[in-house]
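Chain by chain, the residues:
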Amino acid sequence: MKYLLIVLIIVNIVSCGTTKKALYPGMYAEMPSSILFLPIVNKTTSAEAQLLYSATVAEPLANSGFYVFPIEVTNEFFKREGITLGDQLKGITPLRYNQMFGADSILAVTIFKWDTNYFVVGGNVTVELECTITSTKSGNVLWNQRKEYVVPTGSNSGNILADLIVTAINSATVDYVPIAQRLNKMVFDTMPFGKYHKRHLKDQEVMVQEGKK
Amino acid sequence: MKFLGLLLLLLLASCATVSESGLFWGNYSKTLYESKKNPSPETLAKHKNELIDILKKSKELNLRPPPGIQAELGVLLMNEKDEKSARNYFSGEEVIYPESKVLVARLIDIMTGKKEKKK
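Since we're looking at a predicted model, the values are computed, not measured.

What counts, and where the lines are drawn
Residues numbered from 1 in each chain as written. Chains lettered and ligands numbered in written order. Predicted model: local features only at pLDDT ≥ 70, side-chain atom pairs only at ≥ 80, totals over all residues. Helix = DSSP H or I, 4+ residues; strand = E, 2+ residues; numbered from the N terminus. Buried ≥ 20, exposed ≤ 12 C-beta atoms within 10 Å, placed from the backbone. Contact = placed C-beta atoms within 7 Å. Pairing = 2+ DSSP bridges. Nonpolar A, V, L, I, M, F, W, Y, C, P; charged D, E, K, R; others polar. Axes fitted to C-alpha atoms, helices over the stretch in contact; angles between N-to-C directions. Left-handed = near helix turned anticlockwise from the far one by under 90°.

### Details of the overall build of chain B
Okay, step 1: From N to C terminus, chain B includes 6 helices and 0 strands.
Okay, step 2: Looking at chain B as a whole, 35% of its 119 residues qualify as buried.
Okay, step 3: At a minimum sequence separation of 6, the contacts of chain B that also span at least 24 residues come to 41%.

As structure tokens, this is what we get:
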């Protein structure tokens, strides 16, 4: 864990990426101010994955400066139309979401993997996701990321015995909400900021790593 | 390592309070997840109280309420037939976030539609 953190920090510092502007020109050209989160396409067997993901996605998106339509409310609208799974949305044009909700853009998420791993000390959740933001005006993909994320779940006090006990307790009752929150923070790390963020349009030269598998 | 720990703590502490874009979320994700995972009047009431608390604290801290919170609370109140309060929250959402205009209009349609049916 200690080394993992150090390696992660080093990788972060030395890795050279591409600027946000070069990677996601559409975000700066169209400047969507609102995002509608669509029901998830879940390719895993974990129903929990879907629940955890959608409960924690609004926060980082809104913190990035976007108006995020209240997911609980929009999901109710989808339910009224008989839609509970992302798979059922195939064939609906992006423009339709603009008419239905007045959304500038839509966020579609597919979960490919959601594995929980326990080690003697610590553990992690390994998640593979594809997230795509599409404009409801031009129909263009504005931001896309397909990546595998490893989110540590264990404790790391430096005392192996204490960590062992904590891990043993955690394995039974891990609170996955903060883990999903951490995951979503990682996912939207490369997003250009929206209009409600003070660095809106000031982050174009920020270097990021493209999340492509 | 201690420094790293401190850094992590600081990061965690900052998450729990106000975001860089000036939003206070309280325990939103947690109570929402609980109300979905174990749906019951108790978990729903807890989530509703959290929404009220987020709005109260945001006001105290002189912050914009996070997007969607007023609309979500409005829907809960609409379901409780408290239409006056629901309407207040819906228009609050629209005033602060004009992006919600179409959604709010649809919500008000549903609310008044229900009333018509009752007549």
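### A word on the pairing of strand E2 (residues 34-37) of chain A
Residue and element names in this part refer to chain A.
Okay, step 1: Burial along E2 is two-sided: the face carrying Ser34 and Leu36 and the face carrying Ile35 and Phe37 are both buried.
Okay, step 2: Where E2 meets strand E4 (residues 67-68), 2 bridges bridge the pair, whose relative direction is parallel. Bridge pairing in E4 places Ser34 opposite Tyr67.
Okay, step 3: Judged from the 3 bridges that link them, E2 and strand E5 (residues 105-118) form a sheet pairing that is parallel. Counted as the bridge partner of Phe37 is Leu107 from E5.

### Describing the environment of A:Thr116
Residue and element names in this part refer to chain A.
Okay, step 1: Along the chain, Thr116 falls in strand E5.
Okay, step 2: On the neighbour-count criterion, Thr116 (17 C-beta atoms within 10 Å) is partly exposed.
Okay, step 3: For the pair Thr116 and Val150, spaced 34 residues apart in sequence, the C-alpha to C-alpha distance is 9.9 Å.

### Focus on the interface of chain B and chain A
Okay, step 1: Taken together, the contacts link 26 residues of chain B with 26 residues of chain A.
Okay, step 2: Secondary-structure elements contributing two or more residues to the side of chain B that touches chain A are helix H2 (28-37), helix H4 (69-79) and helix H6 (101-118) of chain B.
Okay, step 3: A per-element tally of the side of chain B that touches chain A places H2(B) first, with 7 residues.
Okay, step 4: Tallied by class, the residues present in the side of chain B that touches chain A amount to 14 nonpolar, 5 polar and 7 charged.

### Thoughts on the packing of helix H4 (residues 47-56) of chain A against helix H9 (residues 176-187) of chain A
The angle between the axes and the distance between the axes are what describe a pair of packed helices.
All names here are of chain A.
Okay, step 1: One can describe the packing of H4 onto H9 by two numbers: an axis separation of 9 Å at closest approach and a directional angle of 65°. Once H4 is placed against H9, the crossing between them reads as right-handed. Between H4 and H9, the contacting residues are Leu52, Tyr53, Ala55 and Thr56 on the first element and Tyr176, Val177, Ala180, Gln181 and Asn184 on the second.
Okay, step 2: Residue composition of the contact of H4 with H9, grouped by class: 6 nonpolar, 3 polar and no charged.

### Focus: the pairing of strand E7 (residues 141-152) of chain A
All names here are of chain A.
Okay, step 1: Pairing between strand E6 (residues 123-135) and E7: 11 bridges, direction antiparallel. The residue of E7 that forms the bridge with Asn124 is Pro152.
Okay, step 2: Counted between consecutive antiparallel strands, the loop separating E6 from E7 contains 5 residues, among which Gly139 sits at a positive phi close to 80°.

### Points about unusual backbone geometry
Okay, step 1: Not every positive phi belongs to a glycine, and A:Met31 is a case in point at roughly 45°.
Okay, step 2: Residue position: A:Met31 is located in the loop between helix H3 (25-30) and E2.
Okay, step 3: Judged by local crowding, A:Met31 falls into the partly exposed class, with 15 C-beta atoms found within 10 Å.
Okay, step 4: Located in the positive-phi region is B:Lys81, a residue other than glycine, with phi close to 70°.
Okay, step 5: Tracing the backbone through its elements, the reader meets B:Lys81 in the loop between H4 and helix H5 (83-96).

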